[in-house]
Amino acid sequence: MVDRRALLMFDLTQCLNPAVLVTGCLTTHVCVKECPTENYSPLGALRLGINEDIIKKKMKPYCRPVSDEQFKQGVKTLVDKEICPPWYLKSTEILGRCFPASMQAAENNTNEEVIVRKVDTGGDHDITKGEIAGSLYRFSAFLNVRQFGERVFSDLRETYWMIGLALIGACIVSFIWIVLMRFLASFMVWVSILTVFLGIGSLLGYCGYRLYFVWLSTDPETHKNIFQLNWTPEIVDDFLKQRDTWMAFTILLGIVFLVIVLLFLFLRQRILLAIALIEQGSKAVGQMFSSLFFPIIPFLLQLVVVGWFLVVALYL
């Protein structure tokens, strides 16, 4: 099988099934030395009365490897047992798979153009160009999803120790935070609130600053709206050049900042009460310090579940 480096699918129309995004194309696959160089239907040739030995010779490179004894069966039997494909199209090898080559047809070529007639497929309907195109689109989507998943799992396999250290670090920081809340609850709450104000205020100031200079700019590109932009790899840079972008950011952040200020003004008494409750809660936790370690148990159980999922996903 080392010399069979290309994968040929017997019936591409099976890729039209929406389940292809999860299960892949539900049709027989076979490894071949090279992709088909012509359109051919063994069943169609048999219907025309062509000698079976000639048909077998043409279709053998695209059949599953079987013993010579098994290959002595009739063409129809070989197709029915899914040892050989009922039809195949001229294909090009792409990423180790055989995909039908582009079909240059007449000017009246449409998606309803029949590529393989039903009498030559052993099925119940004609194979049209639209079906082939739709199947290729679905199968390409499956390959993209699979490639993305493989990259994710590859990254996880390479960086699992970093993720583990980050989780341990987060756990330690959480413990320190809970302990500090007993002594510095008021200070830490007010610092947190101040940080939120400073963070959103800084973003609002930056967006206003960018909006000011974009508004004064004479570059015609800055006056386009999002629907006039070209969807190129530089779409993000083009998006950030627009006046409307920074105006929207400024308005949204302004509204958020105003809402937070109003909430703070109306709820300041509740905040003081919450600080007192946090201080008392921290003291209670300090009397039962072992309760801090209980969350580690369900966390470890969750890690076991996630680890099992990753192992199964990697070796399916």
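Residues numbered from 1 in each chain as written. Predicted model: local features only at pLDDT ≥ 70, side-chain atom pairs only at ≥ 80, totals over all residues. Heavy atoms only, no water.

A. Region of interest: the overall build of the protein chain. On a plain count of helices and strands, the protein chain comes out with ten helices and six strands. In the protein chain, which comprises 316 residues, the proportion classed as buried is 26%. When contacts within the protein chain are restricted to residue pairs at least 6 apart in sequence, long-range pairs at least 24 apart make up 62% of them. Summed over all atoms, the accessible surface of the protein chain reaches about 21400 Å², with 66% contributed by carbon and sulfur. (Helix = DSSP H or I, 4+ residues; strand = E, 2+ residues; numbered from the N terminus. Buried < 20%, exposed > 50% of the residue type's maximum accessible area, 1.4 Å probe, protein only. Contact = heavy atoms within 4.5 Å. Areas by Shrake-Rupley, 256 points an atom, 1.4 Å probe, with all protein chains shown as cover.)

B. Representation of helix α8 (residues 243–266). The terminal C-alpha atoms of α8, which comprises 24 residues, lie 35 Å apart, in line with the 34 Å expected from a rise of 1.5 Å per residue. When we look at burial in α8, the residues that qualify are Thr 245, Trp 246, Thr 250 and Leu 253. (Expected span 1.5 Å × (residues − 1).)

C. Seen up close, helix α3 (residues 52–59). Looking only at α3, the buried set comprises Ile 55, Lys 56 and Met 59. The arc that holds every buried residue of α3, seen down its axis, measures 100°, which confines them to one face. Of the residues in α3, the exposed ones pointing more than 90 degrees away from the buried face are Asp 53 and Lys 57. Residues of α3 that are buried in the fold lie against α2 (42–47), α4 (68–71) and α5 (75–80). Two or three places before Asp 53, at the opening of α3, Asn 51 has a side-chain oxygen 2.8 Å from that residue's backbone nitrogen. (Arc of directions from axis to C-beta. Polar contact = N/O pair within 3.5 Å; in protein donor to acceptor, adjacent residues only side chain to side chain.)

D. Here's a closer look at the state of the cysteines. Under the counting rule described, the total for this entry stands at one disulfide. Covalently, Cys 63 is tied to Cys 84 through a disulfide, its sulfur atoms 2.0 Å apart. The disulfide joining Cys 63 to Cys 84 has a torsion of about 115° about its S-S bond and is therefore right-handed. Residue Cys 63 is found in the loop between α3 and α4, and its partner Cys 84 is found in the loop between α5 and β3 (91–94); the two are separated by 21 residues along the sequence. This pair shows no difference in class: Cys 63 is buried, exactly as Cys 84 is. (Disulfide = S-S within 2.5 Å.)

E. Local environment of the side chain of Thr 245. Looking at where Thr 245 falls in the secondary structure, it is placed in helix α8. Take Thr 245: its relative accessible area is 6%, and that puts it in the buried class. Non-local contacts of Thr 245, meaning those with residues more than four positions away in its chain, are made with Phe 239 and Leu 240.

F. Layout of the confidence of the model for the protein chain. Mean pLDDT over the protein chain stands at 75; residues scoring 70 or higher make up 72%. Least confident of the elements in the protein chain is helix α1 (residues 20–23), whose mean pLDDT is 55; most confident is α8, at 90. Throughout residues 103–109 the model reports pLDDT below 50, and contacts reaching past four residues in sequence, or to other chains, amount to five contacts. (pLDDT = per-residue confidence, 0-100.)

G. Seen up close, the environment of Ile 278. With respect to the helices, strands and loops of the structure, Ile 278 is situated in helix α9 (residues 268–287). Residues Ile 278 and Ala 185, spaced 93 residues apart in sequence, show a C-alpha to C-alpha distance of 6.7 Å. Leave out the neighbours within four places in its chain, and Ile 278 touches Met 181, Ala 185 and Val 189.

H. Local environment of the nonpolar core. One finds Leu 8, Val 32, Ile 55, Met 59, Leu 78, Cys 84 and Cys 98 to be the most contacted residues of the largest nonpolar core, which totals 19 residues. Not counting residues within four places of it along the chain, the set of residues in contact with Met 59 comprises Pro 42, Val 75, Leu 78, Cys 84 and Tyr 88. Met 188, Val 189, Phe 197 and Ile 271 belong to the second largest nonpolar core, which has seven residues in total. (Core = buried A, V, L, I, M, F, W, Y, C linked by side-chain atoms within 4.5 Å.)

I. Quick look at the pairing of strand β4 (residues 97–100). Burial along β4 is two-sided: the face carrying Arg 97 and Phe 99 and the face carrying Cys 98 and Pro 100 are both buried. Across four bridges, β3 lies against β4 in antiparallel orientation. The partner of Ser 91 across the bridge, within β4, is Pro 100. (Pairing = 2+ DSSP bridges.)

J. Looking closely at the side chain of Thr 250. On the secondary structure map, Thr 250 appears in helix α8. Judged by relative accessible area, Thr 250 falls into the buried class, the value being 18%. Here Thr 250 is in contact with Leu 204, Cys 207, Gly 208 and Leu 211, once residues within four sequence places are set aside.

K. Region of the structure containing the pattern of salt bridges. Applying the stated rule across the entire model yields three salt bridges. Salt-bridge contacts for Lys 76 lead to Asp 80; the nearest nitrogen and oxygen are separated by 3.0 Å. Of the two residues, Lys 76 and Asp 80 both sit in helix α5, four residues apart, roughly one turn of that helix. Since its relative accessible area comes to 44%, Lys 76 is described here as partly exposed. (Salt bridge = Lys/Arg side-chain N within 4 Å of Asp/Glu carboxyl O.)

L. A look at the environment of Leu 203. Relative to the elements of secondary structure, Leu 203 occurs in helix α6 (residues 129–216). Its relative accessible area of 46% is what places Leu 203 among the partly exposed residues. Placed 51 residues apart in sequence, Leu 203 and Gly 254 show a C-alpha to C-alpha distance of 9.5 Å.

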